[in-house]
Amino acid sequence: MRIGAPIEVEVTPEGEFAKLIWERWLPLGQKTFLSTNKQSASHWTTRSKNAKAWRQAANNDAKQQGNPLPTGLDYATIDAWVYKNRAGRYDPANLYPCLKAIIDGYVDAGLTEDDNYKHIDGPHLHHGGFTKENPGILIRITWQNPNERPKTPQPHSTISKE
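Report follows, based on the coordinates. In this text, all values refer to a predicted model and were calculated from it rather than measured experimentally.

## Some thoughts on the pairing of strand β4 (residues 120-130)
Part 1 of the argument: In this structure, strand β3 (residues 76-84) lies alongside β4, joined through eight bridges in parallel fashion. If you follow Trp-81 over to β4, its bridge partner there is His-126.
Part 2 of the argument: What joins β3 to β4 is helix α2 (residues 96-108), and the crossover it makes is right-handed.

## Details of the environment of Glu-16
Part 1 of the argument: The residue Glu-16 is located in the loop between β1 (8-11) and β2 (17-27) in this model.
Part 2 of the argument: Owing to a relative accessible area of 42%, Glu-16 belongs among the partly exposed residues under this scheme.
Part 3 of the argument: In this structure, the C-alpha to C-alpha distance between Glu-16 and Asn-145, residues 129 residues apart in sequence, is 8.3 Å.
Part 4 of the argument: Apart from residues no more than four positions distant in its own chain, Glu-16 is found in contact with Glu-10, Val-11 and Asn-145.

## Structural notes on the side chain of Lys-31
Part 1 of the argument: With respect to the helices and strands, Lys-31 occurs in the loop between β2 and α1 (44-62).
Part 2 of the argument: The side chain of Lys-31 sits in the buried core without any salt bridge; Asp-61 is the nearest counter-charge, 10 Å away.
Part 3 of the argument: Apart from residues lying up to four places away in sequence, Lys-31 is in contact with Asn-50, Ala-53, Trp-54 and Ala-57.

## Notes on the pairing of strand β5 (residues 136-144)
Part 1 of the argument: With eight of nine residues buried, β5 is to be regarded as a mostly interior element.
Part 2 of the argument: Relative to β5, β2 runs antiparallel, the two being bridged by nine bridges. By the bridge assignment, Trp-22 is partnered in β5 with Ile-141.
Part 3 of the argument: Bridging between β3 and β5 involves seven bridges; their strand directions are antiparallel.

## Details of the side chain of Lys-84
Part 1 of the argument: Counting through the fold element by element, Lys-84 comes out in strand β3.
Part 2 of the argument: Within the buried core, Lys-84 has no salt-bridge partner, and the shortest N-O distance to an opposite charge, that of Asp-91, equals 10 Å.
Part 3 of the argument: Once residues within four sequence positions are removed from consideration, Lys-84 is found in contact with Phe-33, Tyr-90, Leu-95, Gly-129, Phe-130, Thr-131 and Pro-135.

## Quick look at the sheet that holds β5
For sheets, the rule is that strands pair by backbone hydrogen bonds, running either parallel or antiparallel.
Part 1 of the argument: Spatial strand order, β1-β2-β5-β3-β4: five strands in an open sheet with mixed pairing. Both edges of this open sheet fall to β1 and β4, since each of them pairs with a single strand only. Taking each pair of neighbouring strands and ignoring which way they run, the sheet shows an average axis angle of 15°.

## Examining the pattern of salt bridges
Part 1 of the argument: Evaluation of the coordinates by the stated rule reveals six salt bridges.
Part 2 of the argument: One salt bridge in this structure joins Arg-24 and Asp-61, with 3.1 Å as the shortest N-O distance. Here the residue Arg-24 occupies a position in strand β2, and Asp-61 occupies one in helix α1, the gap between them amounting to 37 residues. As far as the burial class goes, Arg-24 and Asp-61 line up, both buried.
Part 3 of the argument: The partner of Lys-100 in a salt bridge is Asp-115, and the shortest N-O contact between them spans 2.5 Å. Of this pair, Lys-100 sits in helix α2 while Asp-115 sits in the loop between α2 and β4, and the two are 15 residues apart along the sequence.
Part 4 of the argument: Accessibility expressed as a relative area gives 25% for Asp-115, which makes it partly exposed.

Conventions adopted
Residues numbered from 1 in each chain as written. Predicted model: local features only at pLDDT ≥ 70, side-chain atom pairs only at ≥ 80, totals over all residues. Heavy atoms only, no water. Pairing = 2+ DSSP bridges. Helix = DSSP H or I, 4+ residues; strand = E, 2+ residues; numbered from the N terminus. Right-handed = clockwise from strand over helix to strand, strands pointing away. Buried < 20%, exposed > 50% of the residue type's maximum accessible area, 1.4 Å probe, protein only. Contact = heavy atoms within 4.5 Å. Lys, Arg positive; Asp, Glu negative; His and termini not counted. Salt bridge = Lys/Arg side-chain N within 4 Å of Asp/Glu carboxyl O. Axes fitted to C-alpha atoms, helices over the stretch in contact; angles between N-to-C directions.

Below you can see the structure in the form of structure tokens.
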């Protein structure tokens, strides 16, 4: 595992890493936000090119000279704050296709082995704000020591599963 330069480090009383956090900024630039609301409104080639642009931006970001992301993490939690270029109501969860492409780019660069539930929790999307000057997505990647991770809650249901 290559650690890179985390912005925050927590250490256990035994001196082991308990939590490491990295933050990355991916500017909107010439890309557009991919939305589940617009999946059928735009042509598949347009969506594909845009998804590829987000994926490549994340891959390039992960390999940034002087500040690369870690590689070989066994598990990571990913949060994202969306900064839109126009004010107005929107649902951050509808921008999941953007985050899917970004996570694919980070996995291509070696952040984790895969982007399935065994390696990634999230992405958890949040509203970050509105800015005409610099719209984009702030990504927070958190690794926790397996002994320090919160236990996954088990579903509790009174509905029969038969």
